[in-house]
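Each chain, letter by letter, is given below.
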Amino acid sequence: MYQATPQATPKQRGRYRLHPPTGVDTVTRRRVGDPNPRGRLERNVGVFRLREGMCESGDITVAEAVTLVEADWWRQVDNETISYAIIESYLRDLVGFVAVMTMQGITSVAQVTPNMVLAWCRMPVSDGSPAAENTWFKRRSAVRSFFETCRCLGIADGNPAKAVEFPQRSGRFVNAFDDASVAQLKRVSRSTLGDTRLP
């Protein structure tokens, strides 16, 4: 196995210098230890396997599926791979989702379509006022995560929420520098070759 030398060559210095690969994990070079799960729910990366006792994918009511998913999410909270606040928010949204699907006569998870998810995401809030754009994204995120966990648990292999698209949020724009900004940049910019400050 090739071992990098920790000493710099005359042609390559500073950040281009080779460092020994010991004590480095696969995620980052800045620290050692286990990779950071980054606060994400578990995902099904393999082949979908139908849950034991089920005849076909999605052959379960939405309410029963939410109960199974909720138990798995709390397991992941206990494992500290996702925060309590995120799961609590998702479950709050899923209560409304289950109520709407029940009112529409949806008897199984397999019957949920992207149009139903879209209609629920844009549905007015409890006081009758229109749902804000952030609410659309939050509801869609909850349903996407729900169906992703359903896939992990072998409940359903599809995710109708992935087909739901909203207009992209506006980007961030940087204004041109005025004279005061340029003067400030000049004050804090590098003044000597050895100075480590950057603008």
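Note that the structure is a prediction, hence the values are computed from the model and not measured.

1. Details of helix α4 (residues 133-152)
- Over its 20 residues, α4 runs 29 Å from end to end, which matches the ideal 28 Å to within 8%, given 1.5 Å per residue.
- G154 sits one or two residues past α4 and shows a positive phi near 80°.

2. A few points about the side chain of D93
- By the secondary structure assignment, D93 is in helix α2 (residues 84-103).
- Side-chain polar atoms of D93 contact the side chain of K138, separated by 3.1 Å.
- If we ignore the near neighbours within four places in the chain, the residues touching D93 are W120, K138, R139 and A142.

3. Some words on the environment of T135
- On the secondary structure map, T135 appears in helix α4.
- Between the C-alpha atom of T135 and that of R122, which follows or precedes it by 13 residues, the distance is 8.0 Å.

4. Some thoughts on the packing of aromatic side chains
- Applying the stated criterion across every chain yields a total of 6 aromatic pairs.
- Their ring planes at 50° and their centres at 5.7 Å tell us that W73 and Y90 sit as a pair that is tilted. Here W73, found in helix α1 (residues 62-78), pairs with Y90, found in helix α2; they are 17 residues apart in sequence, far enough to count as distant.
- Accessibility expressed as a relative area gives 0% for W73, which makes it buried.
- Residue Y90 is classed as buried on the basis of its relative accessible area of 13%.
- Here the aromatic residues W136, F137 and F166 are joined through ring pairs into a cluster of three or more.
- Above the plane of the ring of W136 lies R122, whose end atom (NZ or CZ) is 4.2 Å from the centre.
- Lying over the aromatic face of W120, R139 brings its terminal NZ or CZ to 5.3 Å of the ring centre.

How each quantity is defined
Residues numbered from 1 in each chain as written. Predicted model: local features only at pLDDT ≥ 70, side-chain atom pairs only at ≥ 80, totals over all residues. Heavy atoms only, no water. Helix = DSSP H or I, 4+ residues; strand = E, 2+ residues; numbered from the N terminus. Expected span 1.5 Å × (residues − 1). Polar contact = N/O pair within 3.5 Å; in protein donor to acceptor, adjacent residues only side chain to side chain. Contact = heavy atoms within 4.5 Å. Phe/Tyr/Trp six-rings, centres within 6.5 Å; stacked < 30°, edge-to-face > 60°. Buried < 20%, exposed > 50% of the residue type's maximum accessible area, 1.4 Å probe, protein only. Lys NZ or Arg CZ within 6 Å of the ring centre and 35° of its normal.

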